[in-house]
Amino acid sequence: DARVTQTPRDKVTEMGQEVTMRCQPILGHNTVFWYRQTMKQGLELLAYFRNRAPLDDSGMPKDRFSAEMPDATLATLKIQPSEPRDSAVYFCASGLVLAGDYNEQFFGPGTRLTVL
Amino acid sequence: SQQGEEDPQALSIQEGENATMNCSYKTSINNLQWYRQNSGRGLVHLILIRSNEREKHSGRLRVTLDTSKKSSSLLITASRAADTASYFCATPRTGRRALTFGSGTRLQVQP
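Residue numbers run consecutively from 1 along every chain, following the written order of its sequence. Chain A is the first chain written and ligand 1 is the first ligand written, with later ones labelled in order. Side-chain atom pairs in this predicted model are given and counted only at pLDDT of 80 or more, local residue features only at pLDDT of at least 70, and totals for whole chains, interfaces and linings cover all residues. Hydrogen atoms and water are omitted, and side-chain values are computed over all heavy atoms in the structure.

Student: Please explain the state of the cysteines as it appears in this structure.
Tutor: Joining two cysteines, a disulfide is a covalent bond between their sulfur atoms. Cysteine sulfur atoms are paired as a disulfide whenever they fall within 2.5 Å. Tallying each qualifying case throughout the model produces 2 disulfides over all chains. Through a disulfide, Cys-23 of chain A is tied to Cys-92 of chain A; the S-S separation comes to 1.9 Å. Handedness here is read from the sign of the S-S torsion; for Cys-23 of chain A and Cys-92 of chain A, about -55 degrees, the answer is left-handed. In this pair, Cys-23 of chain A sits in strand S3 (residues 19-24) while Cys-92 of chain A sits in strand S9 (residues 88-95), placing the two residues 69 residues apart along the sequence. There is a disulfide in this structure between Cys-23 of chain B and Cys-89 of chain B, and the S-S distance comes to 2.1 Å. The S-S bond linking Cys-23 of chain B to Cys-89 of chain B shows a torsion near 65 degrees; that makes this disulfide right-handed. With Cys-23 of chain B in strand S3 (residues 19-24) and Cys-89 of chain B in strand S9 (residues 85-92), the pair connects residues that are 66 residues apart, well separated along the chain. Remark: exposure states derive from per-residue accessible area (1.4 Å probe, protein chains only) relative to the maximum for the residue type, with buried under 20%, exposed over 50%, and partly exposed in between. Given the relative accessible area of 1%, Cys-23 of chain B is considered buried. Where helices and strands are cited, they refer to DSSP runs of H or I of at least four residues and of E of at least two residues respectively, numbered from the N terminus.

Student: Teacher, can you tell me more about the sheet that holds S3 of chain A here?
Tutor: All names here are of chain A. What the 4 strands build is an open sheet, ordered S1-S3-S8-S7; its pairing is antiparallel. Taken across any chain shown, the strands that pair with only one partner, and hence form the sheet edges, are strand S1 (5-7) and strand S7 (65-71). The mean angle between the axes of side-by-side strands here comes to 20 degrees, regardless of whether they run parallel or antiparallel. Here, strands pair whenever DSSP counts at least two bridges between them. Where S3 and strand S8 (residues 74-79) come together, 5 bridges link them in antiparallel fashion. Bridge pairing in S8 links Thr-20 to Lys-78. To obtain an axis, a line is fitted to C-alpha atoms, over the contacting stretch when the element is a helix, and the angle between two such axes runs from 0 to 180 degrees between their N-to-C directions.

Next comes the structure, spelled out in structure tokens:
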């Protein structure tokens with residue numbers, strides 16, 4: 001049963017600390033998405049990759065957030081330094097997006113981040 | 001800005017009743033998707049309807065799409081307590097291979 005996995009599931013940290021979230025997409029999917037969900041803003045797209053290349057990271061605060069895909073089985077989202085306003089649930093999703101079409105996205109369970 | 005907006009924001013019904021949620025969007029689309037999110041979990045894809053389709057069924061789910069009104073509806077028939085969740089519509093972002101999600105409808109099904 002293929003699924004997207006994310007680690008850690010919960011993270012509590014202090015302001016100013018570095019936070020790294022990891023995601024393992026479903027094998028064979030060519031697109032990976034990072035979302036952030038808060039009560040106030042809802043579900044926001046932060047960045048996404050196609051075949052490991054970053055396509056769009058316009059949703060991310062550039063000065064503190066960075067997203068990478070070092071290989072096809074790992075995507076990372078890093079926040080340095082973290083701030084209380086970064087507290088949210090961060091979701092990774094993957095999908096097989098073919099030319100001219102949009103297919104379903106498969107979401108991981110999320111990382112609940114609390115920055116004190 | 002949010003492309004899709006769901007209505008109502010919250011809905012409470014009794015088990016066995018039907019639940020209808022609506023989604024409005026702003027720009028032309030080639031498909032629209034509905035997702036469900038149980039509390040504390042990730043989103044799960046329910047159904048995709050293409051712009052040349054007017055209605056689609058999947059089990060107890062029925063989705064309609066009216067491209068002239070830029071709106072879609074999700075109907076859950078004979079609801080169950082297990083249907084309690086938030087439901088989101090998602091539309092493709094203009095010029096990008098990504099989705100924009102609405103703010104969701106929180107459905108509570110009372111047993």
